[in-house]
Amino acid sequence: MLKKSILFLLLFVVFQLSSFAQQINHDPNLKLWDKAPALDWMTEAYPIGNGKIGGMIFGGIQKEHIQFNENSLWTGDEKETGAYQAFGDIFIDFLNVNPSSVTNYKRELNLNNAIHAINYQANGAKFSREYFASHPDKVMVLNYASDKKGAYTAIINLKDAHGAKVKSEGNQLKISGALENGQKYSAAILIKHNGGTLIIKKGEDGTHQIHLNEVNKFSITLAAATDYVNKRSSNWKGTDPNIIVQQYLKAAGSQNVVQLKERHIKDYQQLFGRATLKLGADILNTTLTTKERIIDYKKTKNPNLESLLFQYGRYLLISSSRKGGLPANLQGLWNNSNNPPWRSDYHSNINIQMNYWPAEPTNLSECHIPYLDYINSMREIKKINTKKEYHGVRGWTVRTENNIFGGESFSWNTPGSAWYAQAIWEHYAFTQDKNYLKTFAYPILKEISEFWDDHLKRRPDGTVVAPLGWSPEHGPTEDGVSYDQQIVYDLFTNYVEAADSLKVDKAYRDRILSLRNKLLKPKIGKWGQLQEWETDRDDPKNKHRHASHLFGLHPGRQFSVTQTPELAQAAKVSLTARGDESTGWSMAWKMNFWARLHDGEHAYQILNNFISLVGGEGIDYNSGGGIYANLLCAHPPFQIDGNLGYTAGVAEMLLQSQTDEIQFLPAIPKAWAKGSVKGLKARGNFEITSLEWENGAVTRLVIKSLSGGKCKLLLPNALKGAFESKQKGNKYSITFNSVAGKSYEFKK
C-alpha cells in the first residue's frame, strides 16, 4: 500500500511539473476566442495544423464540424496545373444537448501551445473539448470530456470531399480513393471511449457511422495521407496511403491523449517559444472576443493585438510548413473547396516568397526547409519546360501558377526562379551552414545564374537587359523592366557571395559579377519616382496592388537608406503614389517597404490599415483587404501570405540585417514607446537574445553569436558594454569580432 501511495505521489508530481512547464511561456494575450460557434469557414473557424494535415474547427454545440486537409492532395500533373483539393469532413451530432440550456460557451485557439479548446456548461455539467494536430505523431487529435458520467451520446460521421464511400472496421471509419490523375488517398478516424457503448450503424444514405451511447469521454484520432512523394525519379509516387494511415493510427493509438498532447506541445513550443514580443504596457482586456478586439482597435490602437498578429503569423507558418512536407500554399494548407481561388497554388510572382519572409528573421528556420526542398524537387521538370520556351538556355525558370508535380500555367514569370533563389541564399545567410551551401544551395544558385547568363540581352553600348519582361500584373511586355532587372541583380549578388564563401568557380564568379555590373540600373523618373519601366511612363495616379519595381528595396538589398539614399528617396516617392490602402498581402508588403525606408510612422499606419475587419466570402480584391474575425488575412478572399508578410514587417521594424550591419529599431513608431523582443535572428547567424527599448532608445541588448565572425551593430543611441559605441551620423555603431557560442550584453 505504501509503495502504491509513493508511486501515486510521484506520478502526481510529474504531472504537476509537466503542467508547470507548459505554463512557463504562457502569454494570456496569445489567444483567439469567441462566445459562439463558427458559422463560416473562411471568416470564423479557427485553424490547426501539423505541417501535413490541417483542420478548420467550427465548435458547434449540437453539431460539431471539423473540415480537414492533407497538403499533397492535388489534381493535375507535370503538364496540367490542377488544383489543391479539400480532403474531407468530420461531423459529430450530439444527441443529448439542448442549445438553450448551454451557458458560458467559449471556443479558444491558444497560440502558446497550439491547442484549440471549447468549454461550456449544460444541465449542470461541464463539457470540454481539446483539439490539436501533432507533428511528431502525424495525426489530429480531438478529445471530449465532461465531469458528468455518461454525458455523451453522439453520432460520428466521416465524409470524403470526393464522394468515396465510408467503410468501417472495428472502432475506425475509413475513406480511400483515387483522383483523376491517379493519385491515391486515404484517411481514417480511430475512436476511443470510456464507459457506455460504441456500435457501428448505417445512416439513411447507407454510410457507415459510429454511434456512442452514454460514454463518459471519448477521443477521435485522424490520420490522412496520399501516395505523393516529392521525387520526380519516383514519378511523384510513394507508399500506399492506406498503409501510411494505419501505421500512424497504430502508433498514436498506443498512447493516451495526455501523452500525445505532451509530445505535441513539446514539439511545437521548441519552435514557437523561441521568440516573444511585448509592445507597450497596455492592460489586456480579456472580456473582449477576438472580433471585438479588432473592432475596438480602431478606437484604441491596442498594441496587444498587434503583437498577437505577429505571433499568429508564426503559428500559421509552424502549422502549415514543417520539415519533410510541402511548403505553405496560397492558403497555407487549409482549403474547403475542390476549385479554390487561384487553385490555392504556388504563385511565383510574390505569394509563395512572402509566405517565407518571416521564417529566418523570427527564428523558424526549420519551417523554411519545405520551400527549399520544393524548389529542389522541381528542378528537373522545370528545365524540360524551360527549354521548350527558351531555346538554347541552361538552367530553368517558372510560370506564375505552379503545382506539386512541376505542372504550371498562366504567363511565364521569367525572374520567378531567381526570386526562388533568394530564399535558397537567405537560409545560408541566416544560418551560415557551409555544408548546406556547398551541397544544396550552390548548385541551384549557379544553374539559375546560368539561365540568366544565356537569356540576358547584351546591347551595343554594353548595357545588359532582361528581354521581354512584365511587371506583375500590369503594363507592357518589354525589355529592361525594373522587376526583372532588380531580381537578376539580387540573384547575381547572392551567387557571387556564395562562390566567395566556398572559394570556388572564380572564373565564372567573375563573369557573373561583370554581368551584374552591366545590368541596366534603376532609373529615377520625371516626378522623382523610381521607374517601373525603362521608359519614363509611370502614372502617379496608379494605385495597383503590385509594386514590383521596388523589389530592390525589399526583399532585395540593391538600395537602402544608408547606402543609396537617392534611390531610397525615389522608392519613397513611388510608394507614396501607390497609396496605403490595398489588398491584404499588398499592405503587408508595404509595411516591409516603409520599414526598409526607416519610416516607422508610415509602416505603422499601414499596420493600422491592415488590422481592419473584413466580412463575407467575396473575391473582390479591388475593394481592399484586412483581416477576418479569425485573424486570417483577407486578400480578399483568404490568403495566408498577408498574415506572414505582416509578421515579417513587424520584424523589419525592429531589426534589419540586409546591409553589412545589424540595425536595431530602424523603424520604431512612437506608438511602441516601450517594449521588448526576444529571439529574432540576424544574418550572420546572430540571435537577439534580448532587445529592450524605451522612447526610441535601446536600453538593453543581448546578442548571441552562433557562428562567430565580425559583428557590426547600428543603434539609435550609445550603449555600454565590452566594446565601445562610436557615433556614426545620427546613429551609433559597435563593431567587434565575435566568438561562436558567446553572448554579448550592452546597456544604456
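Residues numbered from 1 in each chain as written. Predicted model: local features only at pLDDT ≥ 70, side-chain atom pairs only at ≥ 80, totals over all residues. Heavy atoms only, no water.

A. Structural context of the overall build of the chain. Helix and strand counts for the chain come out as 15 helices and 36 strands. Computed over C-alpha atoms, the radius of gyration of the chain comes to 27 Å, within 12% of the 27 Å expected from 2.2 N^0.38 for 748 residues, which places it in the range of a compact globule. With the principal axes as the frame, the chain shows a C-alpha extent of 85 × 60 × 50 Å. A burial count over the chain gives 61% of its 748 residues as buried. In the chain, the proportion of contacts linking residues at least 24 apart, taken out of those at least 6 apart, comes to 64%. Surface summary for the chain: the accessible area is close to 28,600 Å², and the carbon and sulfur share equals 51%. Put simply, the chain has 88 plus and 74 minus side-chain charges, and the middle of one group is 5 Å from the middle of the other. (Helix = DSSP H or I, 4+ residues; strand = E, 2+ residues; numbered from the N terminus. Rg over C-alpha atoms; globule rule 2.2 N^0.38 Å. Buried < 20%, exposed > 50% of the residue type's maximum accessible area, 1.4 Å probe, protein only. Contact = heavy atoms within 4.5 Å. Areas by Shrake-Rupley, 256 points an atom, 1.4 Å probe, with all protein chains shown as cover. Lys, Arg positive; Asp, Glu negative; His and termini not counted. Charge placed at Lys NZ, Arg CZ, Asp CG, Glu CD.)

B. The packing of aromatic side chains, seen in detail. On inspection of all chains with the given rule, the structure shows 42 aromatic pairs. With 5.5 Å between their ring centres and 90 degrees between their planes, phenylalanine 87 and tyrosine 185 make a pair best called edge-to-face. In this pair, phenylalanine 87 is assigned in the loop between strand E4 (63-70) and strand E5 (88-94) and tyrosine 185 in strand E13 (residues 184-194), connecting sequence segments 98 residues apart. Pair check on accessibility: phenylalanine 87 and tyrosine 185 agree, each one buried. (Phe/Tyr/Trp six-rings, centres within 6.5 Å; stacked < 30°, edge-to-face > 60°.)

C. Representation of the environment of lysine 202 within the structure. Here lysine 202 is to be found in strand E14 (residues 197-202). Note on lysine 202: relative accessible area 60%, which makes it exposed. The sequence separation of lysine 202 and leucine 597 amounts to 395 residues, and the corresponding C-alpha distance is 64 Å.

D. Examining the nonpolar core more closely. Judged by nonpolar contacts, the single largest core of 208 residues is most densely connected at Phe664 and Leu713. When neighbours within four sequence positions are excluded, leucine 713 is seen to be in contact with Ile662, Phe664, Leu701, Ile703, Tyr732, Ser733, Ile734, Phe736 and Phe746. Membership of the second largest hydrophobic core comes to 14 residues, among which are Phe132, Ala223, Ile244 and Ala252. (Core = buried A, V, L, I, M, F, W, Y, C linked by side-chain atoms within 4.5 Å.)

E. Looking closely at the pairing of strand E8 (residues 125-134). Counting buried positions along E8 yields 7 of 10 residues, so the element is predominantly enclosed. Relative to E8, strand E7 (residues 115-122) runs antiparallel, the two being bridged by 7 bridges. Note on E8: the bridge partner recorded for alanine 122 is alanine 125. Where E7 folds back onto E8 in an antiparallel hairpin, the turn is made up of 2 residues, including asparagine 123, whose phi is positive at roughly 55 degrees. Sheet analysis places E8 next to strand E9 (residues 139-146), joined by 8 bridges and oriented antiparallel. Following the sheet pairing, tyrosine 131 is matched in E9 by leucine 142. Here E8 folds back onto E9 in antiparallel fashion, the turn holding 4 residues, of which lysine 138 has a positive phi close to 60 degrees. (Pairing = 2+ DSSP bridges.)

F. Up close: the side chain of arginine 509. Checked against the element boundaries, arginine 509 lands in helix H11 (residues 506-518). With sequence-adjacent residues up to four places away left out, arginine 509 is seen in contact with Tyr495, Val496, Ala499 and Asp500.

G. The arrangement of unusual backbone geometry in detail. Of the consecutive residues proline 472 and glutamate 473, the connecting peptide bond is found in the cis state with omega at -15 degrees. With respect to the element layout, glutamate 473 can be found in the loop between strand E23 (469-470) and strand E24 (477-478). In this model, histidine 635 is joined to proline 636 through a cis peptide bond whose omega is -15 degrees. If you trace the backbone, proline 636 turns up in the loop between strand E26 (633-634) and helix H15 (640-654). We note that leucine 631 has phi near 70 degrees; this positive angle belongs to a residue other than glycine. Its place among the elements puts leucine 631 in the loop between strand E25 (626-627) and E26. Note on leucine 631: relative accessible area 0%, which makes it buried.

H. Highlighting the environment of arginine 343. Mapped onto the secondary structure, arginine 343 falls in the loop between helix H5 (303-320) and strand E18 (346-347). The partly exposed category is assigned to arginine 343, whose relative accessible area is 28%. Sequence-wise, arginine 343 and lysine 278 are 65 residues apart; in three dimensions their C-alpha atoms are separated by 37 Å. If sequence neighbours within four positions are ignored, arginine 343 has contacts with Trp74, Thr81, Gly82, Ala83, Tyr84, Glu401 and Ser409.

I. Spotlight on the pairing of strand E12 (residues 172-178). Judged from the 3 bridges that link them, strand E11 (residues 167-169) and E12 form a sheet pairing that is antiparallel. Within the sheet, the bridge partner assigned to serine 168 lies in E12 and is leucine 173. Count of turn residues in the E11/E12 antiparallel hairpin: 2 residues, of which glycine 170 carries a positive phi of about 60 degrees. Where E12 meets E13, 7 bridges bridge the pair, whose relative direction is antiparallel. By the bridge assignment, lysine 174 is partnered in E13 with alanine 188. Hairpin connection, E12 to E13: the antiparallel pair is bridged by 5 residues, and glycine 182 has positive phi, about 90 degrees.

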